[in-house]
Amino acid sequence: MLIRSAISTVVAAVISAYACAAVAQYGTPIDAALPLIAIVVTILAAITRPAIQVAVPLLIGGEIVLGDERLRLLWFGLVIGAAFAAALLECGGSPSLWKACTVAVLAVVLLRCIPFANVILWREALLIVVALLIVVALRGTAFAVAVAVAVALFTPLVPLRTIGFPLAVLLVLVVFRAAGMPQINAGALSATAVAVMMLFFAWSGVFARALPMVIRGLRASTPRAPLRMALAPGESVSLDVPPDASALILSGANISRLRAGTVAGALNNVPIRVGDVADWGFLRREHFYASRNPIPANPAGEVRDYGQNAWIDGAARFPLGGERVVRVTADPRLPRAARLQIDAFELVSR
């Protein structure tokens, strides 16, 4: 019986992966990863609820019908989130420990290993081992999976010393368990938490590093008139404002180590501080840990890349009040390599 079940799962996974590969028609890493996603769904269905397999035709339908990229990827996230929530509700206690571990690993793979080209295998394997130990420490409950997945999601692993975060969580849990911590299941709440995390698996890096922006809602790209100017410390420039411009888009370069409140420049003699604006790349995975910039008060950044590498640039919006000319000045006290960037005029949508 076990061998027959394993063969059936392999056959279903191969057919599902082939079908997803056949319909993939868009160039994003998420669309390219549909065969892997289908295999993950098949494994979930095999070890928990067979009805979860319906997620594969739903993914295929989204790939065929939904041409808008953001809507399509959100649909994938909704389907995958529902699949993981249904699977997680099957993970009750210690008799299901192996199922809980499998669900946790599959979730971490989708959240961290797309796109494949940027994966450092030994680092991700190390993080998965820590996540599994967290599941075991919490006795394989739904809550255990939710904690393990969240810890893996919010650990950048760049630089490697950030592995200290999941190790610290594991140590605390081991100490609490040794002290007699009661078993926590919280099935519905845990399933909901994992579903929300998986909803944004296509942009998991944004969810992990810019959660306030996700909560507020990720804005679609707006029409802009590019300027692409960079002012060195002390430089100033006057700009003629287009008649249909509603805001000026500014960002910083090489200012990620400046703290909130540091003056970066001025717009028409009104100070621009770190917090009003941020370094353009401060939410990149490789820069985030060392950055001291907060998210801009009025962010205008756009979502870039996918999966764990997804990020939002640090551009900020400065509304215009009918001015015909604006003057932008970079503060002379900025570090020598720093720049105040004038990215674009944001135009009124028609």
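Up top is the structure.
Residues numbered from 1 in each chain as written. Predicted model: local features only at pLDDT ≥ 70, side-chain atom pairs only at ≥ 80, totals over all residues. Heavy atoms only, no water.

Draft legend 1. Geometry of the packing of helix α7 (residues 121–137) against helix α9 (residues 164–178). Packing of α7 against α9 brings their axes to within 10 Å, and their N-to-C directions diverge by 20 degrees. Between α7 and α9, the crossing angle belongs to the class labelled roughly parallel. As α7 packs across α9, the resulting crossing turns out to be left-handed. For the pair α7 and α9, contact is made by L127, V130, L133, I134, V136 and A137 and by P166, L167, V169, L170, L173 and R177, respectively. Here the contact of α7 with α9 is built from residues that sort into 11 nonpolar, no polar and one charged. (Axes fitted to C-alpha atoms, helices over the stretch in contact; angles between N-to-C directions. Helix = DSSP H or I, 4+ residues; strand = E, 2+ residues; numbered from the N terminus. Parallel < 35°, antiparallel > 145°, perpendicular 65-115°, else oblique. Left-handed = near helix turned anticlockwise from the far one by under 90°. Contact = heavy atoms within 4.5 Å. Nonpolar A, V, L, I, M, F, W, Y, C, P; charged D, E, K, R; others polar.)

Draft legend 2. Spotlight on the nonpolar core. Counting 75 residues, the largest nonpolar core has L44, I80, F84, I134, M198 and F201 as its most contacted members. The element that contributes the greatest number of residues to this core is helix α5 (residues 69–88), accounting for 10 residues. Apart from the residues lying within four places of it in its own chain, the contact partners of I134 are A144, V147, A148, V151, P166, V169, L170 and L173. Counting residues in each nonpolar core, the second largest holds 26 residues, with L248, A316, V326 and A330 among its members. (Core = buried A, V, L, I, M, F, W, Y, C linked by side-chain atoms within 4.5 Å. Buried < 20%, exposed > 50% of the residue type's maximum accessible area, 1.4 Å probe, protein only.)

Draft legend 3. Looking closely at the sheet that holds strand β1 (residues 224–231). Strand order across the open sheet formed by four strands is β1-β10-β3-β8, with antiparallel pairing between neighbours. The open sheet terminates on both sides in strands that have one partner only, identified here as β1 and β8 (316–319). On average, adjacent strands in this sheet sit at an angle of 25 degrees to one another, irrespective of strand direction. As judged from the six bridges shared by β1 and strand β10 (residues 339–347), these two strands associate in the antiparallel manner. For M229, the partnering residue across the bridge sits in β10 and is I342. (Pairing = 2+ DSSP bridges.)

Draft legend 4. Structural view of the pairing of β10. Among the nine residues that make up β10, eight are buried, leaving the element largely enclosed by the rest of the structure. As judged from the eight bridges shared by strand β3 (residues 245–253) and β10, these two strands associate in the antiparallel manner. Directly across from A253, in β10, lies its bridge partner R339.

Draft legend 5. Here's a closer look at the pattern of salt bridges. According to the stated counting rule, one finds eight salt bridges in the structure shown. Between R72 and D31 there is a salt bridge, and its shortest N-O distance comes to 3.0 Å. Residue R72 is found in helix α5, and its partner D31 is found in helix α2 (residues 29–32); the two are separated by 41 residues along the sequence. Across this residue pair, the class does not change: R72 and D31 are buried. For R72, the salt bridge goes to E63, with nearest N and O atoms at 3.8 Å. (Salt bridge = Lys/Arg side-chain N within 4 Å of Asp/Glu carboxyl O.)

Draft legend 6. How the structure looks around unusual backbone geometry. In this structure, the amide linkage connecting I114 to the following residue, P115, adopts the cis form with an omega of 0 degrees. For P115, the location among the structural elements is in the loop between α6 (97–112) and α7. For the peptide bond that leads from V158 to P159, omega is 5 degrees, which places it in the cis range. For P159, the position within the fold is in the loop between α8 (142–153) and α9.

Draft legend 7. Looking closely at α8. Over its 12 residues, α8 runs 17 Å from end to end, which matches the ideal 16 Å to within 8%, given 1.5 Å per residue. Burial analysis of α8 places 10 of its 12 residues in the buried class, which makes it a mostly covered element. Taken together, the buried positions of α8 are A142, A144, V145, A146, V147, A148, V149, V151, A152 and L153. (Expected span 1.5 Å × (residues − 1).)

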